[in-house]
Amino acid sequence: MAETAARPLAAPELGHRTLAAAIAQDLRRAILAAELAAGQPLRQDARAARYAVRRLPVRVAVVALEAGGLVEMHAHRGAVVATLSPQEVQDIFELRALLEPRLLRRSVPRLTADDWQALDATLAAFDEAVAQGDVARWGQLNAQLHAGLYARAEAPRTEAIVQSLLQSSDRCTRLQMNRPAAWKRAQREHRLLVRRAREGALDDACALLVDHIEQVHRDLVKHLFKPKPVQPNPPLSTPRSP
């Protein structure tokens, strides 16, 4: 997919941190939308020219994306878009299945009426995204729903780790969520999860959450990491008779 054209991100008087945040946000969007492919170099000079800024805010943005797992640094190639292997994807989803139920169990008893109303609004927005086939918005809403369920966990370090994991898994699910059946199943699971959490059935809600995470992982492995067909070896040549 071709990368969309960039525009100057801010007026010259804005500081490096503000510029870096804007550049990081745009690069993150391009990576999640597959406009920047896995393994593609992110040359700082070219990026600075693209955004009409100096190199420093680009460097800061790249470091932030590296911390979020979207960029890798290589000794001779510099910064490149991170490539996720099946082992890395497994690690991401195993950590999610371990940490997210902990946040859910801590958060749900503290959720307020306004929190539940916001979750209902997110579920309604999910329906709109599914109807419109808007994969990018679906990914944003997925992270928003999970963050809303964990909003009262009062475990900031765990929440930060989970936020990074959700960002990494979102990159995969955007590539995989191109089948109506997957959209509808995920939405059913989200609605059931919110309902059981609201009813206070924490054991059921945590079990549903783990099942949901593991199902998404299985689906990703099935559709993104299909084994390559084995090519048959050419027949051995028969030696000619003298």
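Structure: see above.
Cut-offs applied
- Residues numbered from 1 in each chain as written.
- Predicted model: local features only at pLDDT ≥ 70, side-chain atom pairs only at ≥ 80, totals over all residues.
- Heavy atoms only, no water.
- Salt bridge = Lys/Arg side-chain N within 4 Å of Asp/Glu carboxyl O.
- Helix = DSSP H or I, 4+ residues; strand = E, 2+ residues; numbered from the N terminus.
- Buried < 20%, exposed > 50% of the residue type's maximum accessible area, 1.4 Å probe, protein only.
- Phe/Tyr/Trp six-rings, centres within 6.5 Å; stacked < 30°, edge-to-face > 60°.
- Expected span 1.5 Å × (residues − 1).
- Arc of directions from axis to C-beta.
- Axes fitted to C-alpha atoms, helices over the stretch in contact; angles between N-to-C directions.
- Parallel < 35°, antiparallel > 145°, perpendicular 65-115°, else oblique.
- Left-handed = near helix turned anticlockwise from the far one by under 90°.
- Contact = heavy atoms within 4.5 Å.
- Nonpolar A, V, L, I, M, F, W, Y, C, P; charged D, E, K, R; others polar.
- Patch = residues over 30% accessible without salt bridge, like charges linked within 9 Å, V, L, I, M, F, W, Y side chains within 5 Å.
- Areas by Shrake-Rupley, 256 points an atom, 1.4 Å probe, with all protein chains shown as cover.
- Lys, Arg positive; Asp, Glu negative; His and termini not counted.
- Charge placed at Lys NZ, Arg CZ, Asp CG, Glu CD.
- Core = buried A, V, L, I, M, F, W, Y, C linked by side-chain atoms within 4.5 Å.

Novice: What should I look at first to understand the pattern of salt bridges in this one?
Specialist: A side chain with one charge may pair with a side chain of the opposite charge, provided their charged atoms come close. Evaluated as defined, the whole model comprises 13 salt bridges. Here Arg29 makes a salt bridge to Asp26, at a shortest N to O gap of 3.4 Å. Taken together, the residues Arg29 and Asp26, both in helix H1 (residues 16-32) and three residues apart, mark about one turn of the helix. A salt bridge links Arg105 to Asp203; the nearest nitrogen and oxygen atoms lie 3.1 Å apart. Here Arg105, found in helix H4 (residues 86-107), pairs with Asp203, found in helix H9 (residues 202-224); they are 98 residues apart in sequence, far enough to count as distant. On the accessibility criterion, Asp203 (55% relative accessible area) is exposed. What emerges from the salt-bridge pattern is a single network uniting Asp26, Arg29 and Glu35.

Novice: How should I be thinking about the packing of aromatic side chains in this particular structure?
Specialist: Think of a pair of aromatic rings as described by two things: how far the centres are apart, and how the planes are tilted against each other in angle. Per the counting criterion, the structure on display carries one aromatic pair. Here the aromatic rings of Phe126 and Trp138 are separated by 5.5 Å at their centres, their planes lie at 65°, and the arrangement is edge-to-face. Remark: Trp138 occurs in helix H6 (residues 135-149) and Phe126 occurs in helix H5 (residues 113-132); sequence separation between them is twelve residues. Classification of Trp138 by relative accessible area gives buried; the value is 4%.

Novice: Would you take a moment to explain H6 for this structure?
Specialist: Side chains that are three or four residues apart share a direction in an α-helix, a result of its 3.6 residues per turn. With 15 residues, H6 extends 21 Å between its outermost C-alpha atoms, agreeing within 8% with the 21 Å of an ideal straight helix rising 1.5 Å per residue. When we look at burial in H6, the residues that qualify are Trp138, Gly139, Leu141, Asn142, Leu145, His146 and Leu149. Projected down its long axis, H6 carries its buried residues within an arc of 165°, all on one side.

Novice: Which parts of the structure should I look at to understand the packing of H4 against H9?
Specialist: The description of two packed helices rests on the angle between their axes and on the distance between the axes. It is at 9 Å that the axes of H4 and H9 come closest, and there the two elements cross at 165°. Comparing the axis directions of H4 and H9 gives the class roughly antiparallel. Where H4 crosses over H9, the two elements pack in a sense that is right-handed. Contacts from Val89, Gln90, Phe93, Arg96, Ala97, Glu100, Pro101, Leu104 and Arg105 of H4 reach H9 at Leu202, Asp203, Ala205, Cys206, Leu209, Val210, Ile213, Val216, His217 and Leu220. Residue composition of the contact of H4 with H9, by class: 13 nonpolar, two polar and four charged.

Novice: What is the right way to look at a negative patch on the surface in this model?
Specialist: Negative charge collects at one region of the surface, where Glu88, Asp91, Glu94, Asp211 and Glu214 lie side by side. Those elements giving two or more residues to the negative patch turn out to be H4 and H9. If you tally residues by element for the negative patch, the top one is H4, at three residues. On the basis of relative accessible area, Glu214 is assigned to the partly exposed category, the value being 36%.

Novice: Help me out: how do you make sense of the nonpolar core in this one?
Specialist: The nonpolar side chains of a soluble globular protein tend to be buried with one another. Counting 39 residues, the largest nonpolar core has Phe93, Leu104, Val108, Trp116, Leu149 and Tyr150 as the members making the most contacts within it. Only H4, H5, H6, helix H7 (156-176), helix H8 (180-198) and H9 provide two or more residues apiece to this core. What Phe93 contacts, discounting residues up to four positions off in sequence, is Ser169, Ile213, Val216, His217 and Leu220. Grouped together as the second largest cluster of nonpolar side chains are 20 residues, Leu19, Ile23, Leu27 and Val62 included.

Novice: For this particular structure, what's the right way to read unusual backbone geometry?
Specialist: Generally, phi is negative for residues other than glycine and the peptide bonds are trans, each holding for most cases. Unusually for a residue other than glycine, Ala52 sits at a positive phi of about 60°. What makes Ala52 exposed here is its relative accessible area of 56%. Backbone geometry at Glu154 places phi at a positive 55°, although glycine is not the residue there. Assignment of secondary structure puts Glu154 in the loop between H6 and H7.

Novice: In this structure, what is going on with the packing of H5 against H6? I would like to understand it.
Specialist: Taken N-terminus to C-terminus, the directions of H5 and H6 make an angle of 165°; their axes are 10 Å apart at the nearest point. What the angle tells us is that H5 and H6 run roughly antiparallel. As for the relative orientation of H5 and H6, their crossing is left-handed in sense. Residues Leu119, Thr122, Leu123, Ala125, Phe126, Glu128, Ala129, Val130 and Gln132 of H5 form the contact with H6, whose own contacting residues are Arg137, Trp138, Leu141, Asn142, Gln144, Leu145, Gly148 and Leu149.

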